[in-house]
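Here's the letter readout for the chains.
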Number of protein chains: 2
Amino acid sequence: MTHGEATAEFESRLNDVAASTEGLLDRLLGSAPLPGETARPPRFLEAMRYASLGGGKRLRPFLLIETARLFGVENEGVLRAAAALEMIHCYSLVHDDLPALDNDDLRRGRPTTHKAFDEATAILVGDGLLTYAFDVTADPATHADPGIRVELVLSLARAAGLGGMIGGQVLDLEAERAPEAHKPEAVIKLQAMKTGALLHYAVKAGAILGKADAAAKAALSDYGHALGAAFQVADDILDVESDEAALGKRAGKDADRNKATLVAALGLEAARERRDKLSAAAIAALDSFPQGAKAIVLKEAARFVATRKS
Amino acid sequence: MTHGEATAEFESRLNDVAASTEGLLDRLLGSAPLPGETARPPRFLEAMRYASLGGGKRLRPFLLIETARLFGVENEGVLRAAAALEMIHCYSLVHDDLPALDNDDLRRGRPTTHKAFDEATAILVGDGLLTYAFDVTADPATHADPGIRVELVLSLARAAGLGGMIGGQVLDLEAERAPEAHKPEAVIKLQAMKTGALLHYAVKAGAILGKADAAAKAALSDYGHALGAAFQVADDILDVESDEAALGKRAGKDADRNKATLVAALGLEAARERRDKLSAAAIAALDSFPQGAKAIVLKEAARFVATRKS
């Protein structure tokens, strides 16, 4: 199979998964109440939908679904786990954009949730999406085996928590005032937590749902770590190289805010080299187990995160 | 057994459970990292501890632990589930106090988290406690049976989510502008969600961990609903009758903000009557199953929520 074919398959799969994720989020955030709920407050539901629907590459759901698919597991439960993960990602964007944090007005080319609604609503929307993600993951509809569901919940909480995404956001916040946080090693650690942990969970959850054996899980973990790191260096590079129209959010903002980035820590050329090495390492990790060696789409994803323009 | 003896036993149990909960929260929020975590950021950890330790009656942990104890179940896992529930309660207070929401400067007699630290930290502390609560609940240390753990996670997510606490907070926010939200039925629904759902979960989680049979679960559910409703009417009454020194937070603020309360909806006398009826209904619900009939401490809890002074 040539590189060109893989790309076409990759793009088609990425679009398909984005559409399925959008469809399920649309249903989960529909007006029909959950068991035990009375009518859902319409304006708030609209805000939750605004924060979750109509945008994004859905890269995290894609990685989760494609990883499970390596093991022949493809069903509504996998899609639910993926949609729950996307809710966590969306909540983090909503809170991150708040005036007290990054104070961003633009996200995915549209006003941020607190701009389109108000700050109180945006705080509660974030809390609501975070909570709902655990509801959707823990629900029997996600998997018949409670052991699988609780393993997903625990892994997700760890990836999103103090040792993962939130821990990374804290370091990010502190880095604006701490010179030592701008050293390459500190930035690598920050990024592994802030964006890496959730991308790593995507792959891990796919492996859990796919009942991968220990060797495949270890290789996929390496893949997830390398891909997550590549993704964030690429993000730092894009912030310097791209413009607002392509990004759908303000460009050049990292330097304005003295954010700890690998471009600042290493220089642009070394950052590009690191990105490409990480992308290659992710691909190489897949070659160490039978299903992984044939994982054209996941390999293409590792190239995609390094070469994307937005 | 006389009323006086029950009261002494109740107070002693309440203090014991508060101390145990405090002890476990102190350990869970200690500086030792969780598996997968690197060093915990010290200032942020201090803020999470500030938001969780050194205050509160720990009523929710108490109800959870006492309910499980009815069925002879008393162990570290029960305490973990209780501490996780308290984290959810504490996160909700931190976010509720934010300038964009209730804009409160005082909580439990101390500056609120965003006042003692800053707004960005308070938002992330809330997110961190919410996430950590699911981590602690889903962890194998809470119960050997993954089916029990995932049932707890799902029930907790529902109680804290759109159909529970968050849904109630949204209605509360909207009520400040909506005259129809101040009618008694609307206020009762709002309160059942905003504070009732988490108190109800406390009892439900105790019943799950105690492996209560269906009849006992149904009776405990009635107890939890009645107790939760009594608690909130009592709160509305306290806001009118008490002063800041006794409450540890600003008094009279409900009326200032046009909050939907049952005192405003029913009048003070009818609110008191409703509170006492709900307290009696909670106690009566326990009499319908063998362990419940002997539940001196839980019965006393139903009296306590109605008669407390803070």
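Since the structure is predicted, the reported quantities are computational estimates derived from the model, not experimental observations.

*Asks:* Outline the nonpolar core, listing residues and values.
*Replies:* If you look at the biggest cluster of nonpolar residues, it comprises 219 residues, and the most contacted ones within it are Tyr-223 of chain A together with Tyr-223 of chain B. Tyr-223 of chain B has contacts with Leu-63, Val-203, Ala-282, Ala-285, Leu-286, Leu-298, Ala-301 and Ala-302 of chain B, leaving out every residue within four places of it along the chain.

*Asks:* Please set out the relation of the copies chain B and chain A residue by residue, giving values where relevant.
*Replies:* Of the two same-sequence chains, chain B is brought onto chain A (RMSD 0.0 Å, axial shift 0.0 Å) by a rotation of 180°. Between the two chains, the operation in question is that of a two-fold axis. Residues of chain B ranked by C-alpha distance from the rotation axis are headed by Val-150 of chain B, positioned 2.6 Å from it.

*Asks:* How would you summarise the packing of helix H6 (residues 119-138) of chain A against helix H7 (residues 146-160) of chain A if you had to cite specific residues and measurements?
*Replies:* Residue and element names in this part refer to chain A. Orientation of H6 relative to H7, taken along the N-to-C sense of each, is 155°, at an axis distance of 8 Å. Judged by the inter-axis angle, H6 sits roughly antiparallel to H7. Of the residues in H7, those in contact with Phe-134, Thr-137 and Ala-138 of H6 are Arg-149, Leu-152, Val-153, Leu-156 and Ala-157. For the contact of H6 with H7, the class distribution of residues is 6 nonpolar, 1 polar and 1 charged.

*Asks:* Go over the environment of Ala-175 of chain A with me, naming the residues and quoting the values.
*Replies:* All names here are of chain A. Looking at the secondary structure, you find Ala-175 in helix H8 (residues 165-175). In this structure, the C-alpha to C-alpha distance between Ala-175 and Asp-97, residues 78 residues apart in sequence, is 17 Å. Other than its neighbours up to four places away in sequence, Ala-175 contacts Ala-181, His-182, Leu-190, Asn-258 and Ala-260.

*Asks:* Explain the interface of chain B and chain A residue by residue, including any values.
*Replies:* Across the contact, 52 residues belong to chain B and 51 residues belong to chain A. Summed over both partners, the interface of chain B with chain A comes to about 4,200 Å²; 74% of that surface belongs to carbon and sulfur atoms. Considering only the surface of chain B that becomes buried against chain A, Leu-124, Arg-158 and Leu-162 of chain B emerge as the three largest contributors, covering 15% of it. The salt bridge involving Arg-158 of chain B is made with Asp-139 of chain A; its shortest N-O contact spans 2.9 Å. Taken together, the connections running from chain B to chain A amount to 6 residue pairs in polar contact (both at pLDDT 80 or more). Counting only elements with at least two residues in the side of chain B that touches chain A, the list comes to helix H2 (42-52), helix H4 (76-96), helix H6 (119-138), helix H7 (146-160), helix H8 (165-175) and helix H9 (184-209) of chain B. For the side of chain B that touches chain A, the leading source of residues is H6 of chain B, giving 12 residues. Among the residues making up the side of chain B that touches chain A, the classes are represented as 30 nonpolar, 10 polar and 12 charged.

Calculation rules
All residue numbers here refer to positions counted from 1 along the written sequence of the relevant chain. To label them, take the chains in the order written and letter them from A, then take the ligands in the order written and number them from 1. Totals for whole chains, interfaces and linings use all residues, but because this is a predicted model, local features are given only for residues with pLDDT of at least 70 and pairs of side-chain atoms are given and counted only at 80 or more. Side-chain measures were taken over the full set of non-hydrogen atoms in the model, leaving aside hydrogen atoms and water. Grouping buried Ala, Val, Leu, Ile, Met, Phe, Trp, Tyr and Cys residues that are joined through side-chain atoms within 4.5 Å yields what is termed a nonpolar core. Buried means the residue's accessible area, taken with a 1.4 Å probe over protein chains only, is under 20% of the maximum for its type, while exposed means over 50%, and partly exposed covers the values in between. Contacts: residue pairs with any heavy atoms within 4.5 Å of one another. Least squares is used to superpose the copies, and the fit set is the C-alpha atoms of residues whose pLDDT is at least 70 in both copies. Each axis is a line fitted through C-alpha atoms, taken for helices only over the stretch in contact, and angles between the N-to-C directions span 0 to 180 degrees. Helix and strand assignments follow DSSP, with helices taken as H or I runs no shorter than four residues and strands as E runs no shorter than two, numbered in order from the N terminus. These descriptions rest on fixed angle ranges, namely under 35 degrees for roughly parallel, over 145 for roughly antiparallel, 65 to 115 for roughly perpendicular, and the rest for oblique. Classes in brief: Ala, Val, Leu, Ile, Met, Phe, Trp, Tyr, Cys and Pro nonpolar; Asp, Glu, Lys and Arg charged; the others, Gly included, polar. The quantity reported as buried area is the accessible area (1.4 Å probe) lost by two parts once they are put together, taken as the sum for both. Within this document, salt bridges are pairs made up of a side-chain nitrogen of Lys or Arg and a carboxyl oxygen of Asp or Glu, the two lying within 4 Å of each other. N or O atoms closer than or at 3.5 Å make up a polar contact, with two conditions inside protein: a donor-capable atom paired with an acceptor-capable one, and, for residues adjacent in sequence, both atoms drawn from side chains.

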